[in-house]
Amino acid sequence: MRMLTIALTKGRLADQTLDLFEKIGLGCEEIHDPHTRKLIFENQNAGVRFFLAKGPDVPTYVEYGVADIGVSGKDIIMEENRKVYEVLDLGLGKCSMCVCGPQEAASLLQKNAWIRVATKYPNIAKDYFYNTRNQTVELIKLNGSIELAPIVGLSEVIVDIVETGSTLAENGLTVLEKICPLSARLIVNPVSMRMDNARISGLIRELDAVKKF
Ligand code: PRP
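Residues numbered from 1 in each chain as written. Predicted model: local features only at pLDDT ≥ 70, side-chain atom pairs only at ≥ 80, totals over all residues. Heavy atoms only, no water.

1. Overview of the overall build of the protein chain
Using the following cut-off: Under the scheme used here, helices are H or I runs from DSSP no shorter than 4 residues and strands are E runs no shorter than 2 residues, and both carry numbers assigned from the N terminus. Residue burial is assigned from relative accessible area. The probe radius is 1.4 Å, only protein chains are included, and a residue is buried under 20% of its type maximum, exposed over 50%, and partly exposed in between. It only takes one pair of heavy atoms within 4.5 Å for two residues to be counted as in contact. For the area figures, the Shrake-Rupley method with a 1.4 Å probe applies, and any residue is considered shielded solely by the protein chains shown. Note that His is not counted, nor are the chain ends; the positive residues are Lys and Arg, and the negative ones are Asp and Glu. Think of each charge as sitting on NZ of Lys, CZ of Arg, CG of Asp or CD of Glu.
Regarding its fold elements, the protein chain presents nine helices and eleven strands. The dimensions of the protein chain, computed from C-alpha atoms along their principal axes, are 60 × 35 × 30 Å. The proportion of buried residues among the 213 residues of the protein chain is 50%. Of all intrachain contacts in the protein chain linking residues separated by at least 6 positions in sequence, the fraction that spans at least 24 positions is 67%. Surface summary for the protein chain: the accessible area is close to 11100 Å², and the carbon and sulfur share equals 49%. Charge separation in the protein chain, taken as the distance between the mean sites of 25 positive and 27 negative side-chain charges, equals 3 Å.

Encoded structure:
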């Protein structure tokens, strides 16, 4: 049997995702070792191999077919826009993509004013402002701690992920508009889907049955 390769996002989502794979008999003991720096883990008996990649790179590994399957946040899938099939919502890591800022910025949105938008997600922000809102804005790409931008005056608003809302609250910011809900999704390489259809379809069905909503 050919090894099925699964790319996972390194970090907090990996453990929850692996729990799901364990429930369908595709676990990997070694991967839970907190001291390991390994990036590839195999379960020979189950015929699977896991990669641990940086979030934005997971759809890249899957598009190029070096991973047959991946688990990636909807934010990353939208931002990277890779040629992969999104086949299942795993219901993990639920949060939202939002336009946020100080309450005063709400009127700038209402007026369709020319504003600066700081974000780690320029494609999502561009699509939302240009295609959904028909508003011309200046996009400023940042790499993290996005909430800083409106506080120090780099931008009027931000486009960012909101989970509990505590980062916003602690920095005097608020959700101004909700763009879309987010969660972890299962993605599949289109060629793998055709070549290994029975096995991958079975895996999708089994994960669908064990996931919690
Ligand atoms: C994310 C996001 C927000 C925060 C939202 O940042 O960019 O800053 O989590 O979570 P909350 O609503 O529960 O407060 P992350 O911790 O991934 O780090 P980053 O700022 O470097 O992107």
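2. Examining a negative patch on the surface
Put simply, the rule reads: Only residues whose relative accessible area exceeds 30% and that take part in no salt bridge are eligible for patches, with like-charged residues grouped when within 9 Å of each other and nonpolar side chains (Val, Leu, Ile, Met, Phe, Trp, Tyr) grouped when within 5 Å. Basic side-chain nitrogens of Lys or Arg form a salt bridge, by our definition, when they fall within 4 Å of a carboxyl oxygen of Asp or Glu.
Taken together, the side chains of Asp-15, Asp-19, Glu-22 and Glu-29 present a region of like negative charge at the surface. For Asp-19, the location among the structural elements is in helix α1 (residues 12–23).

3. Observations concerning the site of the ligand
Heads up, the condition is: Only a single heavy atom is needed: when it lies within 4 Å of a molecule or strand, its residue is near that molecule or strand. Between N or O atoms, a polar contact is any pair within 3.5 Å; within protein, one atom must be a potential hydrogen donor and the other a potential acceptor, and residues adjacent in sequence are included only when both atoms are from side chains. Here a cavity denotes a set of grid points, spaced 1 Å apart and computed over the protein atoms alone, in which a 1.4 Å probe fits but from which it cannot get out, and a pocket denotes an open set meeting protein on both sides within 12 Å along at least five of seven lines; residues with an atom within 4 Å of a point are reported as lining. In this description, a molecule resides in a pocket or cavity if more than half of its atoms sit within 2 Å of the grid points defining it. Amino acid classes used here: Ala, Val, Leu, Ile, Met, Phe, Trp, Tyr, Cys and Pro are nonpolar; Asp, Glu, Lys and Arg are charged; the rest, including Gly, are polar.
Looking at the ligand, there are 13 residues lining it, with Lys-120, Glu-147, Thr-164, Gly-165 and Thr-167 nearest. Taking Arg-12, its side chain carries an N or O atom lying 3.2 Å from an oxygen atom of the ligand. The side chain of Asp-160 places a nitrogen or oxygen atom 2.8 Å from an oxygen atom of the ligand. Burial of the ligand by the protein chains amounts to 71% of its free accessible area of 500 Å². At a threshold of 2 Å from the grid points, most atoms of the ligand map onto the largest pocket. Here the shell around the ligand gets three residues from one element, more than from any other, and that element is strand β9 (residues 157–162). Across the shell around the ligand, the residue classes break down as two nonpolar, six polar and five charged.

4. Digging into the sheet that holds strand β2 (residues 40–43)
Note the cut-off: In short, DSSP must find at least two bridges between two strands for them to pair. For helices, the fitted line uses only the C-alpha atoms of the stretch in contact; every axis is such a line through C-alpha atoms, and the angle between N-to-C directions lies from 0 to 180 degrees.
One open sheet accounts for six strands, arranged β2-β3-β1-β4-β11-β5; its pairing is mixed. The outermost strands of the open sheet, each flanked by one partner alone, are β2 and β5 (85–89). Across this sheet, the average inter-strand angle for adjacent strands is 25°, counted without regard to direction. As judged from the two bridges shared by strand β1 (residues 4–9) and strand β4 (residues 69–73), these two strands associate in the parallel manner. Looking across to β4, one finds that Ala-7 is bridged to Gly-70. Those strands touched by α1 are β1, β3 (48–53), β4 and β11 (184–188), and its axis lies near 145° from that of β1.

5. Notes on a nonpolar patch on the surface
Side chains of Leu-148, Ile-151, Val-152 and Leu-154 sit close together on the surface and give an oily, nonpolar patch of about 360 Å² of accessible area. Locating Leu-148 in the fold gives a position in helix α6 (residues 148–152).

6. Things to note about unusual backbone geometry
Leaving glycine aside, a negative phi is the common case for residues, and trans is the common case for peptide bonds. Phi is positive for Asn-134, which is not a glycine, with a value near 50°. When its relative accessible area of 59% is taken as the criterion, Asn-134 is described as exposed.

7. Digging into the state of the cysteines
Filter applied, for reference: Cysteine sulfur atoms are paired as a disulfide whenever they come within 2.5 Å of each other.
Overall, the coordinates contain zero disulfides when judged by the stated rule. As a non-bridged cysteine, Cys-95 has Cys-98 as the owner of its nearest cysteine sulfur, 8.8 Å distant.

8. Digging into the pattern of salt bridges
Scanning the entire structure with this criterion turns up ten salt bridges. For Arg-2, the salt bridge identified is with Asp-196, shortest N-O distance 3.0 Å. Taken together, the residues span a long stretch of sequence, with Arg-2 in the segment before β1 and Asp-196 in the loop between α8 (190–195) and α9 (197–210) at a distance of 194 residues. Residue classification places Arg-2 among the partly exposed positions, given a relative accessible area of 44%. The residue Lys-74 makes a salt bridge to Glu-86 at a minimum N-O spacing of 2.8 Å. A residue pair is termed long-range when its members are at least 10 positions apart, and Lys-74 in helix α3 (residues 74–80) and Glu-86 in strand β5 qualify at twelve residues. For Lys-74, a relative accessible area of 19% gives the class buried. Through salt bridges with shared partners, a single ionic network connects Lys-74, Glu-86, Asp-89 and Arg-185.

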